[in-house]
Amino acid sequence: MYGNDFSAPNGAQDETPGGLLGEVEAAEAELRAAAARGRRGGPAPDEDLAAYFAEVVDAEQKIEPRDWMPDAYRRTLIRQIAQHAHSEIIGMQPEGNWISRAPSLKRKAILLAKVQDEAGHGLYLYAAAETLGISRDELVQLLLDGRQKYSSIFNYPTLSWADVGAIGWLVDGAAIVNQVPLCRCSYGPYARAMIRVCKEESFHQRQGYEILHTLAHGTPAQHAMAQDAVDRWWYPSLAMFGPPDGDSTHSAQSMAWKIKRFSNDDLRQRFVDMCVQQAEILGLRIPDADLRWNDERQAYDYTQPDYDELMRVISGDGPCNRERIANRRAAHADGAWVREAAVAYAAKRAGQKETVAA
């Protein structure tokens, strides 16, 4: 769990060869193996549906759209997958802000490809959510009305080109640590979508890391710009894992259903341990005076993020909340003609097929 190019810190054992991508490949292999094993057909006519659901989950098989599932399980998945999809779409804005100002054609092309990937991730995830019986139009409207959330990290501004690097290294790095376990989610469509998402996010993290490495080994002014970006994005990135376990509303039940595999605090710790060694290679300093290796825990001690700030940003009082949702509403309105044209074309094609069939 220590990244694609880095070993576990201070000799600690990394649980999966190949780091994060190794975990994705292992999860993909498990998905194929589970499909090959199959599972017994649906529940018997007089069988308790909740017991059958629990049996499937406990056997590390996948719940599929036509399977019976508890209403609370369905609601939890809709909330989580929708928030994930919304985050991918809103998350295009902070970096999209720099496409026209990237320092070279190469940087512009790479950043454009990355932002395009994020749009694709949103589409994968909206499609996964639709298998739970809710339409994409409903999900989008819930976001625009402020009744569903997206990740708080995207409510911070990108003040310099180095911020694009910091987002890639820290924000996408935190996303990978958070999302790789979702490749083993008990809900099949979500798990399968996450395989591709995580492979592409690995490229995004490397892109950000390479930007920061170039700046940190450039001029003193470039190094200072890179350090400033890391200073500003470090603690919001730590907060991406959510509130502490004791304050988390959904974690315990999500872990029991095997939607999540690790607690917020476990994932946050893994992220910190991953970043320390990477920061040393970058030649940048993690802005935490209390960061130090704990030999007894075989992990780093670190300062917690400001969870009060996290809750303020989630509640709509972040630096860019209003700007982000206003831009999304404007883009949705501007795209109405495209949606209308697609519907008209689909109706025309359906009519042509009916004529041919007749």
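Please read all numbers here as calculations on a predicted model, not as lab measurements.

A few points about the overall build of the protein
Across its full length, the protein carries 14 helices and two strands. Taken over C-alpha atoms, the radius of gyration comes to 22 Å for the protein, in line with the 21 Å a tight globule of 358 residues would show. Every one of the 358 residues in the protein was classed for burial, and the buried ones make up 50%. By sequence separation, contacts in the protein at least 24 residues apart represent 74% of the contacts at least 6 residues apart. For the protein, the exposed surface amounts to about 17,000 Å²; the carbon and sulfur share of it is 55%. Within the protein, one finds 40 positive and 50 negative side-chain charges whose respective centroids are separated by 6 Å.

Description of the side chain of Asn264
Summarising the element assignment, Asn264 is placed in helix 11 (residues 264-282). Looking at Asn264, the relative accessible area reads 6%, which means it is buried. A distance of 3.3 Å separates a polar side-chain atom of Asn264 from the backbone oxygen of Phe241. Beyond its immediate chain neighbours, meaning those up to four positions away, Asn264 contacts Phe241, Gly242, Pro243, Asp245, Ser248 and Ser251.

Remarks on the side chain of Asn155
Looking at where Asn155 falls in the secondary structure, it is placed in the loop between helix 6 (136-144) and helix 7 (161-179). Taking relative accessible area as the criterion, Asn155 reaches 2% and is therefore assigned buried. Side-chain polar atoms of Asn155 contact the side chain of Tyr150, separated by 2.6 Å. Setting aside residues up to four positions removed in sequence, Asn155 forms contacts with Tyr150, Val313, Gly318, Pro319, Cys320, Asn321 and Arg324.

Focus: the packing of helix 3 (residues 71-90) against helix 5 (residues 105-130)
Running from N to C, helix 3 and helix 5 cross one another at 160°; their axes reach a closest spacing of 8 Å. With respect to each other, helix 3 and helix 5 are oriented roughly antiparallel. Where helix 3 crosses over helix 5, the two elements pack in a sense that is left-handed. Only Glu118, Ala119, His121, Gly122, Leu125, Tyr126, Ala128 and Ala129 of helix 5 make contact with helix 3, whose side of the interface consists of Ile81, His84, Ala85, His86, Glu88 and Ile89. Of the residues in the contact of helix 3 with helix 5, the class split is eight nonpolar, four polar and two charged.

Regarding the packing of aromatic side chains
The geometry of an aromatic ring pair comes down to the distance between the two centres and the angle between the two planes. Per the counting criterion, the structure on display carries nine aromatic pairs. A centroid spacing of 6.3 Å and a plane angle of 70° characterise the contact between Trp169 and Tyr209, whose relative ring orientation is edge-to-face. A residue pair is termed long-range when its members are at least 10 positions apart, and Trp169 in helix 7 and Tyr209 in helix 8 (residues 188-216) qualify at 40 residues. Grouping residues by exposure puts Trp169 and Tyr209 together as buried.

Some thoughts on the nonpolar core
Side chains of nonpolar character tend, in soluble globular proteins, to be buried together. Counting 91 residues, the largest nonpolar core has Tyr73, Leu77, Trp169, Tyr187, Tyr190 and Phe271 as its most contacted members. Broken down by element, this core gets its largest block of residues, 12 residues, from helix 7. Those residues in contact with Phe271, other than ones at most four positions away along the chain, are Leu170, Gly173, Ala174, Val177, Trp234, Ser237, Leu238 and Phe241.

Brief notes about the pattern of salt bridges
Throughout the structure, instances matching the rule amount to 18 salt bridges. Where Glu30 meets Arg184, a salt bridge forms, and the shortest distance between an N and an O atom there is 3.1 Å. Residue Glu30 is found in helix 1 (residues 19-37), and its partner Arg184 is found in the loop between helix 7 and helix 8; the two are separated by 154 residues along the sequence. For Glu30, a relative accessible area of 42% corresponds to the partly exposed category.

Some details on unusual backbone geometry
Although it is not a glycine, Glu60 sits at a positive phi angle of roughly 60°. Along the chain, Glu60 falls in the loop between helix 2 (49-58) and helix 3. The backbone of Gln298 shows a phi angle near 55°, a positive value even though the residue is not glycine. Residue placement: Gln298 occurs in the loop between strand 1 (292-294) and strand 2 (299-301). Residue Gln298 is classed as partly exposed on the basis of its relative accessible area, which comes to 33%.

Side note on helix 13 (residues 321-334)
In this model helix 13 runs 20 Å from its N-terminal to its C-terminal C-alpha over 14 residues, within 8% of the 20 Å that 1.5 Å per residue would give. If you follow the buried residues of helix 13, they end up packed against helix 3, helix 4 (92-96), helix 6 and helix 12 (307-314).

A closer look at the confidence of the model for the protein
Interpreting fine coordinate detail is not advised for predicted regions of low pLDDT. On average, the protein scores 90 in pLDDT, and the residues at 70 or more come to 94%. Here helix 1 is the element of the protein with the lowest mean pLDDT, 79, and helix 9 (residues 220-239) is the one with the highest, 97.

Here we look at the packing of helix 3 against helix 6
In contact at an axis separation of 11 Å, helix 3 and helix 6 are set at 70° when each is read in the N-to-C sense. By the criterion of interaxial angle, the relationship of helix 3 to helix 6 is roughly perpendicular. From helix 3, Ile78, Ala82, His86 and Ile90 reach across to helix 6, where they touch Leu139, Val140 and Leu143. Here the contact of helix 3 with helix 6 is built from residues that sort into six nonpolar, one polar and no charged.

Comments concerning the environment of Gly335
Secondary-structure assignment places Gly335 in the loop between helix 13 and helix 14 (336-357). Between the C-alpha atoms of Gly335 and Ala221, which are 114 residues apart in sequence, the distance is 41 Å.

What counts, and at which threshold
- Residue positions are counted from 1 within each chain, in the order its sequence is given.
- Whole-chain, interface and lining totals are the exception, using all residues; otherwise, since this is a predicted model, local features are given only for residues with pLDDT of at least 70 and side-chain atom pairs are given and counted only at 80 or more.
- To get the side-chain values, take all heavy atoms of the structure and skip hydrogens and water.
- Strands are runs of DSSP state E lasting at least 2 residues, helices are runs of H or I lasting at least 4, and numbering of each runs from the N terminus.
- Between the two quantities, the radius of gyration covers C-alpha atoms and the globule rule is 2.2 Å times the number of residues to the power 0.38.
- Buried residues are those whose accessible area, probed at 1.4 Å on protein chains only, stays under 20% of the maximum for their type, while exposed residues exceed 50% and partly exposed ones sit between those limits.
- Contact between two residues is taken to exist if any of their heavy atoms lie within 4.5 Å; hydrogens are not considered.
- Accessible areas in this description were obtained via Shrake-Rupley with a 1.4 Å probe; residue shielding takes into account the shown protein chains only.
- A positive count includes Lys and Arg, and a negative count includes Asp and Glu. His and the chain ends are not counted in either.
- The atom standing in for a charge is NZ when the residue is Lys, CZ when it is Arg, CG when it is Asp and CD when it is Glu.
- Pairs of N or O atoms are called polar contacts if they sit within 3.5 Å, as long as, within protein, a hydrogen donor faces a hydrogen acceptor (for residues adjacent in sequence, only side-chain-to-side-chain pairs).
- Between N-to-C directions, angles span 0 to 180 degrees; the directions come from axes that are lines fitted to C-alpha atoms, helices contributing only their stretch in contact.
- When an angle is under 35 degrees it counts as roughly parallel; over 145 it counts as roughly antiparallel; between 65 and 115 it counts as roughly perpendicular; any other value is oblique.
- Working rule for handedness: look at the near helix, and if it is turned counterclockwise from the far one by less than a right angle, call the crossing left-handed; if clockwise, right-handed.
- Gly is placed with the polar residues, together with every amino acid not listed as nonpolar (Ala, Val, Leu, Ile, Met, Phe, Trp, Tyr, Cys and Pro) or charged (Asp, Glu, Lys and Arg).
- The aromatic pairing rule takes the rings of Phe, Tyr and Trp, using the six-membered ring of Trp, and pairs them if the centres are within 6.5 Å, calling planes under 30 degrees apart stacked, those over 60 edge-to-face and the rest tilted.
- Throughout, nonpolar core names a set of buried Ala, Val, Leu, Ile, Met, Phe, Trp, Tyr and Cys residues whose side chains join them through atoms within 4.5 Å.
- Counted as salt bridges are all cases of a side-chain nitrogen of Lys or Arg within 4 Å of a carboxyl oxygen of Asp or Glu.
- The span you would expect from a helix comes to 1.5 Å times its residue count less one.
- A residue's pLDDT is the confidence the predictor assigns to it, expressed on a 0 to 100 scale.

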